[in-house]
Amino acid sequence: MGFALLAIAWALAHRRSLRMLRMTAAGAGLGCALLPVLFAMLMAMAMAMASG
């Protein structure tokens, strides 16, 4: 989902009127793509600290 939003943001026409839509799609795409990875890293760190 996140990478699809990034692709949509990249593919949109580079007109001034679509700038906010591109920025919104890119931000949502980055959030959807990176948040699960960050959550997994935080969970791994928490589990490592709990067992150590």
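A. Just the environment of Cys32, in detail. With respect to the helices and strands, Cys32 occurs in helix 2 (residues 19–51). By relative accessible area, which is 41% here, Cys32 ends up partly exposed. Sequence separation between Cys32 and Ala4 is 28 residues; the distance between their C-alpha atoms is 9.9 Å. If we skip the residues at most four places from it in the chain, Cys32 touches Gly2 and Leu5.

B. Focus on helix 2. End to end, helix 2 covers 48 Å across 33 residues, agreeing with the expected 48 Å (1.5 Å per residue, within 8%). The sharpest bend along helix 2 reaches about 30 degrees and sits at Leu34, with the proline Pro36 one to four residues further on. Listed as buried for helix 2 are Arg22, Ala25, Gly29 and Ala33. Close packing links the buried residues of helix 2 with helix 1 (2–11).

C. Examining the side chain of Arg22 more closely. Here Arg22 lies in helix 2. Within polar-contact distance, the side chain of Arg22 engages the backbone oxygen of Arg15 at 3.5 Å. Setting aside its immediate chain neighbours within four residues, Arg22 contacts Ala9, Leu12, Ala13, His14 and Arg15.

D. Layout of the UniProt feature "transmembrane region" (unreviewed entry) in the protein. With numbering matched to this structure, UniProt assigns "transmembrane region" (unreviewed entry) to residues 25–50. Helix makes up 100% of residues 25–50 and strand 0%, with an end-to-end C-alpha separation of 38 Å.

E. View of the packing of helix 1 against helix 2. Their axes nearest at 7 Å, the elements helix 1 and helix 2 cross at an angle of 160 degrees. Classed by the angle they form, the pair helix 1 and helix 2 counts as roughly antiparallel. Relative to helix 2, the crossing made by helix 1 is left-handed. From helix 1, Gly2, Phe3, Leu5, Leu6 and Ala9 reach across to helix 2, where they touch Arg22, Ala25, Ala26, Ala28, Gly29, Leu30, Cys32 and Ala33. Considering only residue class, the contact of helix 1 with helix 2 consists of 10 nonpolar, 2 polar and 1 charged.

The rules behind each value
Residues numbered from 1 in each chain as written. Predicted model: local features only at pLDDT ≥ 70, side-chain atom pairs only at ≥ 80, totals over all residues. Heavy atoms only, no water. Helix = DSSP H or I, 4+ residues; strand = E, 2+ residues; numbered from the N terminus. Buried < 20%, exposed > 50% of the residue type's maximum accessible area, 1.4 Å probe, protein only. Contact = heavy atoms within 4.5 Å. Expected span 1.5 Å × (residues − 1). Bend = angle between axes of the 7 residues up to and from the residue. Polar contact = N/O pair within 3.5 Å; in protein donor to acceptor, adjacent residues only side chain to side chain. UniProt positions renumbered as here; feature names shortened; annotations may be inferred. Axes fitted to C-alpha atoms, helices over the stretch in contact; angles between N-to-C directions. Parallel < 35°, antiparallel > 145°, perpendicular 65-115°, else oblique. Left-handed = near helix turned anticlockwise from the far one by under 90°. Nonpolar A, V, L, I, M, F, W, Y, C, P; charged D, E, K, R; others polar.

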